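Here are the chains, one letter per residue:
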Amino acid sequence: MPKEMPTMREAIESKGYSRRDFLKYCSAAAAILGIEAAGLPSIVRAFETKPRPPVIWLHFQECTCCSESFIRSTHPIVADVIFDYLSLDYTETLMAAAGHQAEKSYQDTIKNYAGQYILLVEGSIPAGNDGVFCMIGGRSAEQIIQEAAKDAAAVIAWGSCASNGCVQNANPNPTNATPIHKIINKPVINVPGCPPIADVMTGVITHLLVYGGSPELDSQGRPKEFYSRRVHDTCYRRPYYDAGMFVESFDDENARKGYCLYKVGCRGPVTYNACSVTKWNGGVSYPIQSGHGCIGCSENGFWDNGPFYQHLASFPGFGIESTADTIGTAVGVAATAGVAAHAIVANIRKRKLVKELKDESVEINDEDKGGNS
Amino acid sequence: MATKRIVVDPVTRIEGHLRVEAVVENGIITDAFSSGTMVRGLEIILKGRDPRDAWAFTQRACGVCTTVHALASVRTVEDAVGISVPKNAELIRNIMEAALYVQDHVVHFYHLHALDWVDVVSALSADPKETSRIAQSISHWPKSSVGYFKDVATRLKTFVESGQLGIFANGYWGHKAMKLPPEINLLAVAHYLEALEWQKEIVKIHAIFGGKNPHPNYLVGGVPCSINLNEVNAINSERLNHVSKLITDAMQFVNQVYIPDLMAIAPYYKDWGAIGGGMENFLCYGDFPTHGYNQTDSFKFPRGIILGQNLNEVVEVDARDPQQIKEYIKHSWYKYGAGDEAGLHPWEGETEFNFTGPKPPFDQLDVQNKYSWIKTPRWKDKAMEVGPLSRMLVAYAAGVTEVQDIVNDTLARLNVPVGALFSTLGRTAARGLETKLIVGWLKGFFDDLVTNVKAGDTTTFTKEKWEPSSWPQSCEGVGMTEAPRGALAHFIKINSGKIENYQLVVPTTWNASPRDPSGQKSAYETALIGTPIADKDMPLEILRTIHSFDPCLACSVH
Amino acid sequence: MEQTQKAIYRRIYVWEFPVRLYHWINGFTILFLIITGFLIGNPLQLFYANEAYQQYWFGTVRFIHFVSAFIFFFNFLVRIYWGFVGNQFARWTNFIPLKKARWKEIVNVLKVDVLQVDPSMRIEIGHNALAGFIYFFSFLAFAFQSVTGFALYAANSQSFLPKLFTWVIPLMGGDFAVRQWHHIFMWVFIIFIIIHIYLVFYHDYIEGRGTTSSMVGGWKFEKDENINNDE
Ligand code: HEM
Ligand code: HEM
Ligand code: NFV
Ligand code: SF4
Ligand code: SF4
Ligand code: F3S
Ligand SMILES: [Mg+2]
């Protein structure tokens, strides 16, 4: 092994950590990755002896935007990631080999580095139906993911496809597109977004390799490091929201002043992502900064939360643009009308209804009053 | 006679899941089958949704050509309900599309296609001095010093010696068909890295106007960003300066790196000017309108068809004519109400799954029957090739002088006949040439935008027909574009403000489709026939021809 | 002669002070929550000369929503507690019809309310069985609105209380869905209130027992003979 390439261990030690720290880091990594204590030595060995951890990147039902996003990383730049940080042994998008040779790279890695390789998954799995909706090398996506996940040291689900099913999972989900965490029996780090931000993707990987195992995850398996805040919480247009200053329609006076996009459908208030902080493409912009509301691309089922230019989803089966409010108003009006009609009928029938009460009541007149006093 | 079926699956360095089965006799491909093996059913999912949202759904057809479906989609809705977008919106859309072209083509050349021609291992034995000399002789690109190429060589050496070859593992190094000298291989490897770094810059144009890349935002009726030169919070002079700078850098990269590299590599592979052709007909919808989507004669790329490789005539195409464009499913895993032989115009298109192939795991497809998730589009029942080559041919035949000049000049420099255009080499060269043209147009669109804004027009959106209540009860539209990979059209039928039917007919659908009911092959299958195979265990030549189309399978099936 | 037919009514202390206090706090906070919630969902269209840093009206609207929400929530907790320690009319048994007689009364009250026929039997002096049952569902709606509201609020808050409800978000499929349901339930409240207030007046009218004022003073009135029967 050439001296120029530091191993994971050397890299960590060069940052001032001791061998004990290194072991602690490995066991933390193992614990978070769900590897039994018995598996620990292998992960220690992997990071200690292998200059670059082996990585397999699988593609299933997806559009490759996650790969495209990945190569837009600005810090670190992607060339450094794939040539210095990792050994990207299998990635259909970039690898030189094809067909049998590609297959061989994949098999070599899962055999030679069992328990040591990192599995990155782009795309959802069309579960069931004999796997015919996604086949690679004559095998179904489901067969491949099960095999690849079995001995993976860590599994990362890239993008909304792998972590929540994304567009193909939208109603009526014709291919039964299913996110990875529902298919495999292992902890999965979900990195949702359509696609996720490039620097978030490389951030998650570097966190895994450099900062002590898996980043802390929230209840949906997302790294808190990037998904702890709603887009809205750190949106630079937030003061306009609080001031109640809204864009009423695209390119109106308010849009030209950069007011809040809430009323043209912005999903920032219900979307957990790093966009408003990390921003896109090296910090150049993010959807809201360029005038379009957030469409919630990192949230579960966001495709069925449309229409995107409206606050509340329309209800299927209620005609066009029936939101909760139109239905609510209709029912409210109906209730008021019912109440009014009821009151009218009650009035017409008042004699009958209150006859008994009238009969029972005493009549008081001035005379009586006078008489009594 | 030695017959063998070669299977390449996965075909890598493409977008998506493509399987190629080729029959090889005596070292030559005699028959070939192309299959798309992944489906998502976007056309089914779109039914019943708000047409104004369709751009976002269809954009997710592909993250590589990440703007064109959004563009086709907003155009199809605008066409259906009768919206014409403001001048600035047209220009910004053109700028975004042109930026995509430049990025996509460069990434294709260096990261998806180059490793078919460039031997990375051979680069190890290059003399950096000689590489530097060659580099300086073909271009003014500043990063051409001996030291620079030495550093690249060292980095490559360290990488290879680590024993972990990563993306280069099991590549076709040392293959007989690899012809470049080590010095040019090193040049290409250096620019592989340069291009990887540069491509993330040009897409910042998408981030500026569309908020992000991949998958920037679009809007029916215009573009979502507002222009306001008196506001920090809109497209202002700083934002425009940023775009301007990115365009300047892009022009430099294309003219000083991409095109010189292409011209340096091509002479070593002139034999590929006679391989990978075979298609007779070429379709181009035309694109880059300069006076509105309906003013076809204002398009930078003219619309039309070349029949029988005849460059003396451009035939008209009308996507609305129910007799012209039809999709077949005889060999695709779908069923039509009217049966397997029927062809449907996309407005009447149907998408219903009907898988009849072998259950995975399998070794071979049943190519006599249905064998792909891609439908088979035809123009007047003829197979069409689409893509950069078609665009260049149609523009050439239509008399676009800048296209004629650049094509003639290139043919002369390579010293090959016009016929060499109809080939793997021709396709790859056409992509480079159009990139050179488009990066110039990109600058032009930007200058026009600045002029328009300066003249006081800052409108980017028209509100008039935004509300579905202002639309006709039912209507239909076509949104045509030229995507980097070729002619793309979206077809919509709207009823009561909702999508009744939505069909995508995508470039790779044209090129990669299985044969039609009459047995005619589409472009991939046609182009592979006659390709020599030096080593049947190393399908390098198949990759060369297939990659020359820049396959996008997620697009093709959707 | 006539005198003997005239009923003698007696005063009954039905709604203890905590119930009345609860009722009006509940009523007013819900009113605020609906108004502010409605505005949060559909902000007004206002054009200002002022800059954003000079105003905060939408923030104030949300502030009122959240303050009302906390009061509403704790008030609701108090009522739940009172359901175990309050008088017989306040007990939780009034809300869940476990006995056959309560079901019979529900049918009876339905006839009175819908068909507007005379009551064929005496209606309970506390909550009538139907009203009680409907309040049971409105309590569920209170709980739902609190759970979804606090789950949404958790994103703004470091406090432990909202954090107790974050499990709702993945369960319901994300913030958007939670917010959507939270919004939809606003309409449940609006419709409840329309009908509730009307029925209070209507029952006052046909029963003549002082229903309307009972939530103010606590007293209702019942025929002497009925009370004797009861005993
Ligand atoms: C009767 C009770 C309540 C009603 C009618 C009500 C109504 C609403 C409505 C209509 C919205 C707007 C939703 C939208 O369209 O996006 C809303 C938002 C909200 N409500 Fe409530 N709500 C109630 C109780 C609560 C409670 C108990 C809480 C607990 C803290 C709460 C917290 C919230 C929060 C956090 C929001 C989102 C505000 C924002 O993010 O700006 N609500 N509410
Ligand atoms: C925001 C509006 C209101 C809400 C949400 C509301 C809610 C409720 C609830 C939950 C109860 C059950 C009380 C319990 O035992 O815990 C109740 C009972 C009652 N409310 Fe209201 N109320 C509202 C307005 C009013 C108004 C305006 C009146 C009269 C003027 C009224 C009169 C009564 C009376 C008399 C009862 C007892 C009726 C019975 O037992 O059938 N309420 N209300
Ligand atoms: N439309 C589209 Fe495509 C295709 N085919 C385009 O260039 O790649 Ni993803
Ligand atoms: S998450 Fe979105 S961007 Fe990524 S592959 Fe899926 S559809 Fe494409
Ligand atoms: S633009 Fe969207 S994310 Fe930003 S403050 Fe407004 S609603 Fe929130
Ligand atoms: S749409 Fe996606 S990119 Fe960010 S701003 Fe919203 S999460
Ligand atoms: Mg289609």
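Enquirer: Explanation requested: the coordination of the magnesium ion (ligand 7) in the structure shown.
Expert: Working reference: metal with six octahedral donors, ideal angles 90 or 180 degrees; metal with four tetrahedral donors, ideal angle 109.5 degrees. Residues and elements named next belong to chain B. Coordination of the magnesium ion (ligand 7) by the protein is provided by E43 (OE), L504 (O) and H558 (NE2), with metal-donor distances spanning 2.1 to 2.3 Å. One chain supplies every donor to the magnesium ion (ligand 7), and in sequence these donors are spaced E-x460-L-x53-H. Here the residue E43 occupies a position in helix 1 (residues 42–46), and L504 occupies one in strand 11 (residues 498–505), the gap between them amounting to 461 residues. For E43, a relative accessible area of 4% puts it in the buried group. For L504, a relative accessible area of 0% translates into the label buried.

Enquirer: Any chance you could explain the site of ligand 6 here in plain terms?
Expert: Around ligand 6, the surrounding shell consists of T271(A), N273(A), C275(A), W280(A), P287(A), C294(A), I295(A), G296(A), C297(A) and K212(B). More than one chain reaches ligand 6: its neighbouring residues belong to chains A and B. By residue class, the composition of the shell around ligand 6 is six nonpolar, three polar and one charged.

Enquirer: What exactly am I supposed to notice about the site of ligand 2 here?
Expert: Residue and element names in this part refer to chain C. Around ligand 2, 21 residues are found, and the nearest of them are H23, R79, H127, H196 and T211. In this structure, an oxygen atom belonging to ligand 2 sits 3.5 Å away from a side-chain N or O atom of Y135. Counting residues per element, the ones that place at least two in the shell around ligand 2 are helix 1 (17–41), helix 4 (129–153), helix 7 (175–207) and helix 8 (211–217). Considering only residue class, the shell around ligand 2 consists of 13 nonpolar, seven polar and one charged.

Enquirer: Is there a simple way to explain empty space enclosed by the protein in this structure?
Expert: To find leftover empty space, a probe the size of one water molecule is rolled over the atoms. Taken as a whole, the largest cavity spans an internal volume of roughly 710 Å³. Lining the largest cavity are 37 residues, with I40(C), H65(C), L152(C), R179(C) and H182(C) positioned closest to its centre. Residue assignment for the lining of the largest cavity shows that the elements contributing at least two residues are helix 1, helix 2 (57–85), helix 4 and helix 7 of chain C. Considered class by class, the residues forming the lining of the largest cavity number 21 nonpolar, 12 polar and four charged. When its volume is computed, the second largest cavity comes out at roughly 150 Å³. When residues of the lining of the second largest cavity are traced back to their parent elements, those giving at least two are helix 4 (65–70), helix 5 (78–85) and strand 2 (87–91) of chain A together with helix 4 (87–113) of chain B. Per element, the largest residue contribution to the lining of the second largest cavity is three residues, and it comes from helix 4 of chain A. Tallied by class, residues from the lining of the second largest cavity come to 11 nonpolar, four polar and two charged.

Definitions and cut-offs
- Residues numbered from 1 in each chain as written.
- Chains lettered and ligands numbered in written order.
- Predicted model: local features only at pLDDT ≥ 70, side-chain atom pairs only at ≥ 80, totals over all residues.
- Heavy atoms only, no water.
- Donors = N, O, S within 2.8 Å, 3.2 Å for Na, K, Ca; no water.
- Helix = DSSP H or I, 4+ residues; strand = E, 2+ residues; numbered from the N terminus.
- Buried < 20%, exposed > 50% of the residue type's maximum accessible area, 1.4 Å probe, protein only.
- Near = heavy atom within 4 Å.
- Nonpolar A, V, L, I, M, F, W, Y, C, P; charged D, E, K, R; others polar.
- Polar contact = N/O pair within 3.5 Å; in protein donor to acceptor, adjacent residues only side chain to side chain.
- 1 Å grid on protein atoms, 1.4 Å probe; cavity = no way out; pocket = protein on both sides within 12 Å on 5 of 7 lines; lining within 4 Å.
- Points joined across faces, edges and corners; volume = space filled by probe spheres on them.

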